[in-house]
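Understanding the architecture of this molecule
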Amino acid sequence: MPERARSADPVQAAPPAGPQLADWNLLRSFIAVYEAGTLTEAARRLATTQPSVGRHVRELEIALGEALFVRQPGRLKPTERAHALHGVVSSMKASAREAERLFAGAHHGLVGTVRIAVSEVYATHVVAPLVARMLEEQPELEIELSVSNRPENLLRREADIAVRFFRPEQDGLITMHVGNTELGLYAHESLLQRHGEPAGFEIPEGAFVAGFDREATPLAPMVRGELPTRPIRFRLRTDAILARHAAVEAGMGIAAYLVDVAAANPCLRRLLPERFSQKQEVWLCAHDELRRSASMRYVWNQLEQALRARLAPASAGTVP
């Protein structure tokens, strides 16, 4: 009589629930490639080799059973699956930073990385020089500057500290109002010597106004009184604020400046101050981690002192 077949153990026979991730370095490399856009830059940020990063991404794609990036000229474009995965695992990077700070605190030193989100103009004129001094004073400290004119989400830990020009509305953030400035129209004195100072919004022949390209900014909130009778023609359009400023400082055009930035260049002259201005509040913001991180507190304190000193003269004449 043939032997009856043994019933299979349902636990042992069950297929795995999904892809098995045995190496967390795969996700670390994935996050770096997703944020850097290239294998080379990701490898540089991770202090490893490009082949290692590429191998990690391929292993992760094999585990998932689909591609995470599409190769384009000079860049790897994330797929929809990559966007979804990054939304889930990006917090790992913040957790790793927190672990670094815990270890740093155990040795009573300012060790680790602090990421600062700041606008293009303030990164250049305010934060970068200050960061240089901080790095000289604290040899074990590392600082990342996330330079963008768009706000980053501190709650998702896209940055540790941010300098913003509006009052933050997110709950769970530490915020501090450090001063006020404003936007004004400026031209180089050489332009005014050639064409004279305009009495209104009519632009002198041969000059131009520099404005945004893709990031449309409404003009009405900046104008006091009646709007210009004719639309202002922005003959130079770029979202790079520093490029607009460079054109103005070459004596060829007119553009908006923060008054505290323009004050550092004695050759710039403000135009139509009674007709064109927009108040700007300056805020420091940070994740709650600030209370537990000596490195973050140090960077915060340095930023606060520098911004308060810079904005004190301007704040006296602006809204509280």
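Residues numbered from 1 in each chain as written. Predicted model: local features only at pLDDT ≥ 70, side-chain atom pairs only at ≥ 80, totals over all residues. Heavy atoms only, no water.

1. Let's talk about the confidence of the model for the chain
- On average, the chain scores 79 in pLDDT, and the residues at 70 or more come to 74%.
- Looking over the chain, one finds the lowest element-wise mean pLDDT in helix H1 (residues 10–13), namely 44, and the highest in helix H10 (residues 259–262), namely 94.
- Note on residues 1–18: pLDDT is under 50 here. Beyond four places in sequence and across chains, it has 1 contact. (pLDDT = per-residue confidence, 0-100. Helix = DSSP H or I, 4+ residues; strand = E, 2+ residues; numbered from the N terminus. Contact = heavy atoms within 4.5 Å.)

2. What to know about the pairing of strand S9 (residues 253–258)
- Summarising burial for S9: 5 of the 6 residues are buried, a large majority.
- Note: strand S6 (residues 173–188) against S9, 5 bridges, orientation antiparallel. Considered in S9, the bridge of Ala-187 is made with Ile-254. (Buried < 20%, exposed > 50% of the residue type's maximum accessible area, 1.4 Å probe, protein only. Pairing = 2+ DSSP bridges.)

3. Looking at helix H3 (residues 39–46)
- Along H3, the residues that are buried comprise Leu-39, Ala-42, Ala-43 and Leu-46. The arc that holds every buried residue of H3, seen down its axis, measures 100°, which confines them to one face. Turned more than 90 degrees from where H3 packs its buried face, Thr-40 and Arg-44 sit exposed.
- Of the surrounding elements, those touching the buried residues of H3 are helix H2 (25–36), helix H4 (50–64) and strand S2 (75–78).
- Backbone geometry just downstream of H3 places Ala-47 in the positive-phi region, at approximately 55°. (Arc of directions from axis to C-beta.)

4. Quick look at the packing of helix H7 (residues 120–137) against helix H9 (residues 241–249)
- Direction vectors running N to C along H7 and H9 enclose 70°, while the axes themselves pass 8 Å from each other. Taken together, the axes of H7 and H9 lie roughly perpendicular to each other. Seen from H7, the contacting residues are Glu-120, Val-121, Thr-124 and His-125; seen from H9, they are Ile-241, Leu-242 and His-245.
- Taken together, the residues of the contact of H7 with H9 sort by class into 3 nonpolar, 3 polar and 1 charged. (Axes fitted to C-alpha atoms, helices over the stretch in contact; angles between N-to-C directions. Parallel < 35°, antiparallel > 145°, perpendicular 65-115°, else oblique. Nonpolar A, V, L, I, M, F, W, Y, C, P; charged D, E, K, R; others polar.)

5. Topic: the nonpolar core
- If you look at the biggest cluster of nonpolar residues, it comprises 41 residues, and the most contacted ones within it are Tyr-122, Ile-161 and Val-299.
- Looking at this core, the element that brings in the most residues is H7, giving 8 residues.
- Membership of the second largest hydrophobic core comes to 21 residues, among which are Ile-31, Ala-36, Leu-68 and Val-89. (Core = buried A, V, L, I, M, F, W, Y, C linked by side-chain atoms within 4.5 Å.)

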